[in-house]
Amino acid sequence: MPKVLVAPSILAADFSRLADEVRKVEEAGADWIHCDIMDGHFVDNISFGPAIVGFVRKLTKLPLDVHLMIEHADHYVPRFVDAGANSITVHVEPEAKHDVDKTLQQIRDAGCRVGLTLNPATSFELLEPFLDKIDMLLVMTVHPGFGGQSFRAEQMEKVKRGVDWNKSRDRQPSVAAATSGSASKIDIEVDGGINAETARVSIENGANVLVAGTSIFKTNDYVKAIRDLRGVGR
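Throughout what follows, the structure given in this document is the object of discussion. The shown structure was predicted, so the numbers you read here are calculated from the model rather than taken from an experiment. (Residues numbered from 1 in each chain as written. Predicted model: local features only at pLDDT ≥ 70, side-chain atom pairs only at ≥ 80, totals over all residues. Heavy atoms only, no water.)

Moving on to the side chain of glutamate 71. Tracing the sequence through the fold places glutamate 71 in the loop between strand E3 (64–69) and helix H3 (73–83). You can call glutamate 71 buried: its relative accessible area is 16%. If near-sequence neighbours (up to four positions away) are discounted, glutamate 71 is found in contact with Asp39, His41, Phe42, Tyr76, Glu95, Ala96 and Lys97. (Helix = DSSP H or I, 4+ residues; strand = E, 2+ residues; numbered from the N terminus. Buried < 20%, exposed > 50% of the residue type's maximum accessible area, 1.4 Å probe, protein only. Contact = heavy atoms within 4.5 Å.)

The next point concerns the packing of aromatic side chains. Under the defined criterion, the tally for this structure stands at 2 aromatic pairs. Ring centres of phenylalanine 15 and phenylalanine 48 lie 5.8 Å apart, and the angle between their planes is 45 degrees; this geometry places the pair in the tilted category. Taken as a pair, phenylalanine 15 in the loop between strand E1 (5–8) and helix H1 (18–27) and phenylalanine 48 in the loop between strand E2 (33–38) and helix H2 (50–59) lie far apart in primary sequence, 33 residues in all. Taking the relative accessible area as the measure of exposure, phenylalanine 15 reaches 36% and is therefore partly exposed. Residue classification places phenylalanine 48 among the buried residues on the basis of a relative accessible area of 10%. Considering the side-chain rings of phenylalanine 217 and tyrosine 222, the 5.6 Å spacing of their centres and the 80 degrees angle between planes classify their relative orientation as edge-to-face. When its relative accessible area of 6% is taken as the criterion, phenylalanine 217 is described as buried. (Phe/Tyr/Trp six-rings, centres within 6.5 Å; stacked < 30°, edge-to-face > 60°.)

Here we come to the environment of arginine 227. Looking at where arginine 227 falls in the secondary structure, it is placed in helix H9 (residues 222–230). Spatially, the C-alpha atom of arginine 227 lies 9.3 Å from that of valine 6, the residues being 221 residues apart in sequence.

By size, the foremost hydrophobic cluster in this structure holds 63 residues, and its most contacted members are Ile10, Leu68 and Ile88. Contact partners of isoleucine 88, with chain neighbours within four places excluded, come to Val66, Leu68, Val77, Phe80, Val81, Ile107, Cys112, Arg113, Val114 and Gly115. Ala7, Met136, Val209 and Val211 belong to the second largest nonpolar core, which has 6 residues in total. (Core = buried A, V, L, I, M, F, W, Y, C linked by side-chain atoms within 4.5 Å.)

Inspection of every chain in the model, using the stated rule, returns 15 salt bridges. Two residues, arginine 17 and glutamate 21, come together in a salt bridge whose shortest N-O distance is 3.3 Å. Exposure remark for arginine 17: the relative accessible area of 32% places this residue in the partly exposed category. Exposure remark for glutamate 21: the relative accessible area of 1% places this residue in the buried category. Where salt bridges share partners, they join Arg17, Asp20, Glu21, Arg23 and Glu27 into one cluster. (Salt bridge = Lys/Arg side-chain N within 4 Å of Asp/Glu carboxyl O.)

Let's shift gears to the sheet that holds strand E4 (residues 87–91). Taken in spatial order, the 8 strands make up an open sheet running E1-E8-E7-E6-E5-E4-E3-E2, and their pairing is parallel. The open sheet has two free edges, formed respectively by E1 and E2, since each of these has just one partner strand. Neighbour-to-neighbour, the strand axes of the sheet open up by a mean angle of 25 degrees, direction not taken into account. Packed onto the sheet, helix H5 (residues 156–168) meets strand E5 (113–118), strand E6 (136–140) and strand E7 (187–191) and runs at close to 170 degrees relative to E7. (Pairing = 2+ DSSP bridges. Axes fitted to C-alpha atoms, helices over the stretch in contact; angles between N-to-C directions.)

Written out as structure tokens, the structure is:
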């Protein structure tokens, strides 16, 4: 079984003390730092841009996992690359207004890991043609835009389909898989309503990367929160 990676989403952090928040989750055992980028168009919220990602890059050596919930991602990819992103995930929906195939290649050519995601209402079939061009499948377990939403268990069907695709392909191990010596192919990440209970459900269905915001940053013990997400002690 692949090592379970935890990527705290700084969207839920206290931005008045962001440097301390990043330091604390790194010391608590986080594997990646997740950055949710929202433009107020593709999703009904605005978060932050490349400047904040660049600031976080100076605070940590952990990989920065950037999720672009924006229109025209191809236009902004170079700015997030320059800011220090290690992984960039874009949306497959037509409403994102970019050529998905070209954007995925653009991300790879820039030296970043390539991620692709879809909203809960989007059919998995829309994403399938691109599975052999990505390093990570992100399954949204809430509708993107706001933290603190309830986990949508029906989205585990998409996780299972990602697992089935992995089993049917002869691909090189992912970064997470290589760490654990597993034969996994693409990483399968889940984001939305992830806490100790829903993390267990996600892992049981085949996810190996957990994005969590509220369940980490709104607690008093980041070490315990991250251990609980991984299922340590269960």
